[in-house]
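Fold and contact review
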Amino acid sequence: MAEQWGCPGDKSVCFYLSDIHDIWCSSYEDIDKPYPFNERSEAEPFTADTLGKGHHVLCRGMRYLGCVDDVYRISPYLSYLVDRGLLEFLTEEHNGYVLMLKDADNNSVVGVTVSLEKAGELLAKTPLAWKKFPGCKS
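1. Topic: the side chain of Ser12
- Tracing the backbone through its elements, the reader meets Ser12 in strand S2 (residues 10-18).
- In contact with Ser12, other than residues within four places in its own chain, are Glu3, Gln4, Trp5, Val114, Ser115 and Leu116.

Next up, the structure:
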C-alpha cells in the first residue's frame, strides 16, 4: 500500500512493504548494525506526533521502531521500488528514509518514504494514482 501527501511544490510518497530481510541485510556490510526486527518490540504505537518528518496516515496504530535516513543504507529498498516500476528518480541524487514498524499482528513492516517534489523541483515520480482521504481539502 502507499500514500502521498503534500502541497503544490512539495510532495512525498510512502510505500509500505513487508520487511524483506534479504533487502535490508544487503545494505549492511558490517555487523555492528544489527537487523532491527530480531526481537519483539514493546514500542509505543505510531501516532501523529511520533515522527515530524512526514504526514504518514496509514501506519497509525503500528509500533514505531525507528527511522533510517542514510540513503546508502536504504538504497536496496529504493532499488526494489525502481526495479518494479513503482518509482523513478529524476535527479542523480536519490532521497528517502525508512520507517521501521510492527503491525497489529507483530509483522515487520517498512515505510519507504521519498520526496517527489521539493521547493518546486521534481525529484522523483510514481505511476500510481491517488484517491483523496475523506474530508481532504487539497
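2. Some words on the pairing of strand S6 (residues 108-118)
- The element S6 is extensively covered by neighbouring structure, given that ten of its eleven residues are classed as buried.
- Relative to S6, S2 runs antiparallel, the two sharing eight bridges. The residue bridging Tyr16 from the neighbouring strand is Gly111, located in S6.
- Both strand S5 (residues 97-102) and S6 contribute to a ladder of six bridges, which runs antiparallel. From the neighbouring strand, Lys102 faces S6, where its bridge partner is Ser108.
- Between the antiparallel neighbours S5 and S6 lie five residues, among them Asn106 with a positive phi of about 70 degrees.
- Sheet topology places S6 next to strand S7 (residues 121-122); two bridges connect them, and they run antiparallel. Residue pairing for S7: Lys118 is matched across the bridge by Glu121.

3. Overview of the environment of Leu87
- Tracing the backbone through its elements, the reader meets Leu87 in the loop between helix H2 (71-83) and strand S4 (88-89).
- What makes Leu87 buried here is its relative accessible area of 3%.
- Considering only alpha carbons, one finds Leu87 and Leu128, 41 residues apart in sequence, at a separation of 9.0 Å.
- Those residues in contact with Leu87, other than ones at most four positions away along the chain, are Phe15, Leu78, Leu81, Val82, Val114, Leu116, Ala124 and Lys125.

4. Quick notes on unusual backbone geometry
- Here Asn106, not a glycine, exhibits a phi torsion of approximately 70 degrees, which is positive.
- Among the secondary structure elements, Asn106 is positioned in the loop between S5 and S6.
- At Ala119, a position not held by glycine, the phi torsion is positive, near 50 degrees.
- The topology assignment puts Ala119 in the loop between S6 and S7.
- Overall, Ala119 belongs to the exposed group, its relative accessible area being 78%.

5. Re the nonpolar core
- Leu78, Leu87, Val98, Val110, Val112 and Val114 are the most contacted members of the largest nonpolar core, which totals 17 residues.
- Not counting residues within four places of it along the chain, the set of residues in contact with Leu78 comprises Val71, Leu87, Phe89, His94, Asn95, Val112 and Val114.

6. Regarding the side chain of Ser115
- Locating Ser115 in the fold gives a position in strand S6.
- Aside from chain neighbours lying at most four places away, what touches Ser115 is Lys11, Ser12, Asn95, Leu123 and Ala124.

7. What about the confidence of the model for the chain?
- In the predicted model, the chain carries a mean pLDDT of 77, and the fraction of residues at 70 or more is 70%.
- This model gives residues 30-52 a pLDDT under 50, and the stretch forms 50 contacts once residues within four places in sequence are excluded.

So, how was this worked out
Residues numbered from 1 in each chain as written. Predicted model: local features only at pLDDT ≥ 70, side-chain atom pairs only at ≥ 80, totals over all residues. Heavy atoms only, no water. Helix = DSSP H or I, 4+ residues; strand = E, 2+ residues; numbered from the N terminus. Contact = heavy atoms within 4.5 Å. Buried < 20%, exposed > 50% of the residue type's maximum accessible area, 1.4 Å probe, protein only. Pairing = 2+ DSSP bridges. Core = buried A, V, L, I, M, F, W, Y, C linked by side-chain atoms within 4.5 Å. pLDDT = per-residue confidence, 0-100.

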